[in-house]
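Here is what each chain is made of, one letter per residue.
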Amino acid sequence: MTENRQLIVLMHLSQLLDIVTGVGGLIVPLLIWAVKKEEIIDLDIHGKAIINFQLSMLLYSLLAFPLLIFLGLGILIWMAVGFLCLLFPIINAIRTSSGQYPNYPWCIRFIK
């Protein structure tokens, strides 16, 4: 196993593809994690955190849709999810570059 902190930082930042292109924020980290998790130290931990965060944000966005239709509150949830999807990948990329582990709050652990 080798250490490649730059790839892990890029994996965190690749989540921002959702904001730029609308897709890719889950797909790119998932592909990197699936291919390289056995080769790079700590990539498995970071990959699981990213996938869990992305799946959680997707679930929260889907749950906000009925609230948008019936109560109008869904727009506030979508704004919060968008803000979290912008903020936490950047924070965790910085944490990773300094050797710390990721911390994604409000994250459901789909993959342990």
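Residues numbered from 1 in each chain as written. Predicted model: local features only at pLDDT ≥ 70, side-chain atom pairs only at ≥ 80, totals over all residues. Heavy atoms only, no water.

Student: Pulling in residues and values, what's your account of unusual backbone geometry?
Tutor: In this structure, Asp42 is a non-glycine residue whose phi angle is positive, near 70°. A relative accessible area of 30% means that Asp42 is categorised as partly exposed. Of note, the phi angle at Trp106 is positive, near 55°, even though the residue is not glycine. Structurally, Trp106 can be placed in the segment after helix H5 (74–97). (Buried < 20%, exposed > 50% of the residue type's maximum accessible area, 1.4 Å probe, protein only. Helix = DSSP H or I, 4+ residues; strand = E, 2+ residues; numbered from the N terminus.)

Student: Any chance you could break down the layout of surface pockets for me, citing the residues and the numbers?
Tutor: The computed volume of the largest pocket comes to approximately 220 Å³. Taken together, 14 residues make up the lining of the largest pocket; nearest its centre are Asp18, Gln54, Met57, Leu58 and Cys85. At 4 residues, the largest contribution of residues to the lining of the largest pocket is made by helix H4 (residues 43–70). Residues belonging to the lining of the largest pocket are distributed by class as follows: 7 nonpolar, 6 polar and 1 charged. (1 Å grid on protein atoms, 1.4 Å probe; cavity = no way out; pocket = protein on both sides within 12 Å on 5 of 7 lines; lining within 4 Å. Points joined across faces, edges and corners; volume = space filled by probe spheres on them. Nonpolar A, V, L, I, M, F, W, Y, C, P; charged D, E, K, R; others polar.)

Student: Can you explain the packing of aromatic side chains? Please cite residues and give values.
Tutor: For the coordinates displayed, the defined rule picks out 4 aromatic pairs. In this structure an aromatic cluster arises from ring pairing among Phe53, Phe88, Tyr104 and Trp106. Positioned over the ring face of Trp33 is Lys37, at 4.4 Å from the centre of the ring. (Phe/Tyr/Trp six-rings, centres within 6.5 Å; stacked < 30°, edge-to-face > 60°. Lys NZ or Arg CZ within 6 Å of the ring centre and 35° of its normal.)

Student: So what about a nonpolar patch on the surface? Which residues, and what values?
Tutor: Taken together, the side chains of Phe65, Ile69, Phe70, Leu71, Leu73, Ile75, Leu76, Trp78 and Met79 present a nonpolar region at the surface, about 970 Å² in accessible area. Of all elements in the fold, only H4 and H5 reach the threshold of two or more residues within the nonpolar patch. The dominant element in the nonpolar patch, judged by the number of residues it contributes, is H5, at 4 residues. With respect to the secondary-structure elements, Phe65 resides in helix H4. (Patch = residues over 30% accessible without salt bridge, like charges linked within 9 Å, V, L, I, M, F, W, Y side chains within 5 Å. Areas by Shrake-Rupley, 256 points an atom, 1.4 Å probe, with all protein chains shown as cover. Salt bridge = Lys/Arg side-chain N within 4 Å of Asp/Glu carboxyl O.)

Student: Quick rundown of the pattern of salt bridges? Include the residues and the values.
Tutor: If you walk through the whole model with that rule in mind, you get 3 salt bridges. Between Glu39 and Lys36 there is a salt bridge whose closest N-O contact spans 3.4 Å. With relative accessibility at 40%, the residue Glu39 sits in the partly exposed group. A relative accessible area of 32% means that Lys36 is categorised as partly exposed.

Student: Provide a residue-level description of the nonpolar core, including the pertinent values.
Tutor: Within the largest apolar cluster, 17 residues are counted, with the highest numbers of intra-cluster contacts made by Met11, Leu43, Phe53, Met57 and Tyr104. Listing elements by their share of this core, those giving two or more residues are helix H1 (5–13), helix H3 (27–36), H4 and H5. At 6 residues, H4 tops the list of elements feeding residues into this core. In contact with Tyr104, other than residues within four places in its own chain, are His12, Gln15, Ala49, Ile50, Phe53, Phe88, Pro89 and Asn92. (Core = buried A, V, L, I, M, F, W, Y, C linked by side-chain atoms within 4.5 Å. Contact = heavy atoms within 4.5 Å.)

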